[in-house]
Each structure stands twice: as C-alpha cells, then as structure tokens.
Amino acid sequence: MNSRKPVFRHPGLPKNDLGCTRSDYEGLDSTLCAGCGHDSVTNGIIQACFELSIEPHRVAKLSGIGCSSKTPAYFLNKSHGFNSVHGRMPSIATGANMANKDLSYIGVSGDGDTASIGIGQFVHLVRRNLNMVYIVMNNGCYGLTKGQDSATADKGSASKKGRSNPFEAIDLCEMAVQLGAGFVARGFSGDKEQLVPLLKAAMLHKGFALVDVISPCVTFNNTASSTKSYNWVRDHMEASGTFDVIPERQEITTHYEEGATQSVALHDGSVIQLHKSDNSFDVTQRRSAINAIEDHREKGQILTGILHINETLMDTHDIIETTDKPLNTLTQEELCPGNQTLQQIFETYR
Ligand SMILES: Cc1ncc(C[n+]2csc(CCOP(=O)(O)OP(=O)(O)O)c2C)c(N)n1
Ligand code: SF4
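Since the model is a prediction, treat every value here as computed from it, not as a measurement.

Q: Even after reading the chapter, I still don't get the sheet that holds strand S4 (residues 132-138), so can you show me in this structure?
A: Pairing within the open sheet is mixed, and its eight strands lie in the order S2-S1-S3-S4-S8-S7-S13-S9. Each edge of the open sheet is held by one strand with a lone partner, namely strand S2 (80-83) and strand S9 (237-239). Strand-to-strand twist across the sheet, computed as the mean angle between neighbouring axes with direction ignored, equals 20°. Where strand S1 (residues 59-63) lies against S2, four bridges are found, and the strand directions are parallel. Pairing of Ala-60 across the sheet is with His-80, part of S2. The strands that helix H3 (residues 89-99) touches are S1, S2, strand S3 (104-110) and S4; relative to S3, the one it contacts most, it runs at about 175°. Sheet contacts for helix H5 (residues 119-128): S4 and strand S8 (208-214); angle to S8, the most-contacted strand, approximately 135°.

Set out below in structure tokens:
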C-alpha cells in the first residue's frame, strides 16, 4: 500500500539521540474512521519510541484481530511485525520472545481480542511475566464487527444501536494486578500528556507491562449513554498523580513536597518519579492498587496513570533460566554439549 505522506523532510526537524526524526517511527496511513481513539494511541506509541530513541529494527510489533490490531501497520514501519489470529497474540509473543530475548516486543490488542476470545491466553502471559509491552485499545465494543458490547463494557452502558449492557465488566488492570503483573497502567487516548509518559515507562520496564488505554469508538460507542465515550471519560477520569520518567544518568532536578513523591528505580537505571495526588495509595503494593481501583469504581470514576509497579520480579527468561543469547545466534558447539555431558544428563533419568 502506498503512503500519501510527503517524503520531503525539513532539515530543521528535531532529532533524537539516534539522529532520527519522529517520521522515522511512522507507518502507513491509517484506514480507521476519522476521530477513532486508536489513531491517537498510535501517535502516542510513535512519540514514545521517538523520545526514547528506540532502534526500530530492534522492535517486534504483534497483534490479534480488530480495528485496534490493525494499528501496528501505522507505526514503526522499519520494525518486525506479526498480525496473528483473533485473541492469539499472546502465544505468538511468547514464542518470539523465547526465541529472541534481545528484541523489544510491543503487542497491540482490543478489549474484544483480549477480554473475550483471547482471555485464556492473556492471563497466562501475565502470570508468566513475559517481557513485553501489552497495549489494549479499550473501546468497550467490537468495533471491526460493528459495535457489539465487549466484556469491558460497563454494566448499564449503551452503544449506538444496542440496549443497556446487563453484564458486569471485566477490569483488565485489576485482573492483571491480581495475576502478579509488574507494571499496570491506564490511560485515555484523549490525554496525550499522560499517555506518552505512560507508554515510555512501560517500555522501560523489564517484564510484562500492561497499558489499558480507553480509546473511544466514534462510530459505534461514542453515545451519551456509553461509559467509553469521549465526554464520559473526560468527565470521570481521575489521575493517580503526575509523573516524570527520568532516563538513566539524568539528574533528578524536580522537587516536590515530601510524602507526595514516590521514586521507583527501573531495571536500566532510569527512575520514575511519581507525584501522587493521594498519599494513601502506594503503587508498589498490589493490595493498595486494587483498593484504589475499586474505590474509584465505586465512586463512578476511572482511575488513570500508573496503577501498580514492581521492579523486583523475574521475567519468563529468568524464571525458566533460558540461555542468554537469541536462539538463532547459538553455535553448534553451544547447542551440542558433547557426548560426555549428554551421557551425564541421561544418567540423571535412569
Ligand atoms: C476466531 C474469530 N472469531 C471472530 C472473529 C470476528 N471478529 C473480528 S474482530 C472482532 C472483535 C474486535 O473487537 P476488539 O478486539 O475490541 O477490537 P476493535 O475493533 O474494537 O478495536 C471479532 C469478534 C474473528 N475474526 N475470528
Ligand atoms: S469502527 Fe470504531 S474502533 Fe473501528 S476504526 Fe471506526 S471508530 Fe475506530
């Protein structure tokens, strides 16, 4: 497919540490409906990768099926990509990650793709703590198949054609915290100021990082009676606080009142400095995170921001003690330990 984007680049465009401009992180033109929240999330991913100076050829983009799962075509066109079948992205991500731990994995899914057909695969991805960023573009409906309610649609919420939803909603963030995820965040496609740092923090985290982004479907679920509409989310979102992602080796210069700030050191030496709006909420404690999500839900609010972070967990490779090198770089000598060692291994099974 040809892109209609201009090939001319102004020489004065800002460049990152790699000498790349933001456009080096773009993909094909979007074919989604004008105003779809998913396009804003795509832009957030492009911005986050640009600001972090991520090498596009070191990234693998993975997705399932849905309008949301089409978006990897619209960012990082110099990266690896795999568009799997509906709800099966987690198993593709697991296989790829096991084969090559040196790539960065960005998975994009929808609430249908993750919370309905793919929920069985999703929960195991979380509990295994696969090192990847998992983005859910959450619009409370199946956009691609014309707007049926999804499992994240709130009880009582109604889409354009549907009746009020009679079922309880699945809260993917709360479920991920309960399953032991080390990084859980919630954003809104209409709040770029919060979304880009959330995505950056998720990309710097080692292990499974869930970013659930409320991303309204303007065609089927942007009604006055929908709790996933632009207006409803704007009126009901409550941020857990603001935060800075301070890259490795950069001095922390901001100063906030003691007690209101919580610093979390990331695996690569970067630091997340959270300026909390509520001192009673400790993002490093699972129970505290679950209580905060529940308390806000009871008040009819959507809690956004970093909801939980734990930098002490081991990822899948550490847990099952895989080899340090990507499988395709292993030599014959490394793969075959020799007759004597093989005999010793066989002896342990006799
Ligand atoms: C096995 C299978 N079952 C059903 C479908 C039909 N289908 C395609 S996308 C989709 C749901 C998409 O919803 P979501 O993941 O929320 O993405 P959105 O389009 O809302 O971004 C469904 C049911 C399919 N493609 N494959
Ligand atoms: S149908 Fe909805 S989710 Fe799909 S592209 Fe259009 S607005 Fe976006």
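Q: Mind showing me how you'd approach the pattern of salt bridges here?
A: Considering all chains together, one arrives at 15 salt bridges under this definition. Across the salt bridge formed by Lys-155 and Glu-168, the nearest N and O atoms sit 3.7 Å from each other. Taken as a pair, Lys-155 in the loop between strand S6 (148-149) and helix H6 (172-178) and Glu-168 in the loop between S6 and H6 lie far apart in primary sequence, 13 residues in all. In terms of burial, Lys-155 and Glu-168 fall into one category: exposed. Here the salt bridges do not stand alone but share partners, grouping Asp-171, Glu-174, Arg-186, Asp-212, Glu-294 and Arg-297 into one network.

Q: For this particular structure, what's the right way to read the packing of aromatic side chains?
A: The description of an aromatic ring pair uses the distance of the two centres, along with the angle that the planes make with each other. Across all of its chains, the model carries five aromatic pairs by this definition. With a centroid separation of 5.8 Å and an interplanar angle of 45°, the aromatic rings of Tyr-134 and Phe-208 are classed as tilted. A residue pair is termed long-range when its members are at least 10 positions apart, and Tyr-134 in strand S4 and Phe-208 in strand S8 qualify at 74 residues. Each member of the pair, Tyr-134 as well as Phe-208, carries the same accessibility label: buried.

Rules of the game
- Residues numbered from 1 in each chain as written.
- Chains lettered and ligands numbered in written order.
- Predicted model: local features only at pLDDT ≥ 70, side-chain atom pairs only at ≥ 80, totals over all residues.
- Heavy atoms only, no water.
- Pairing = 2+ DSSP bridges.
- Helix = DSSP H or I, 4+ residues; strand = E, 2+ residues; numbered from the N terminus.
- Axes fitted to C-alpha atoms, helices over the stretch in contact; angles between N-to-C directions.
- Contact = heavy atoms within 4.5 Å.
- Salt bridge = Lys/Arg side-chain N within 4 Å of Asp/Glu carboxyl O.
- Buried < 20%, exposed > 50% of the residue type's maximum accessible area, 1.4 Å probe, protein only.
- Phe/Tyr/Trp six-rings, centres within 6.5 Å; stacked < 30°, edge-to-face > 60°.

In short, shape yes, function no, at least from these values alone.
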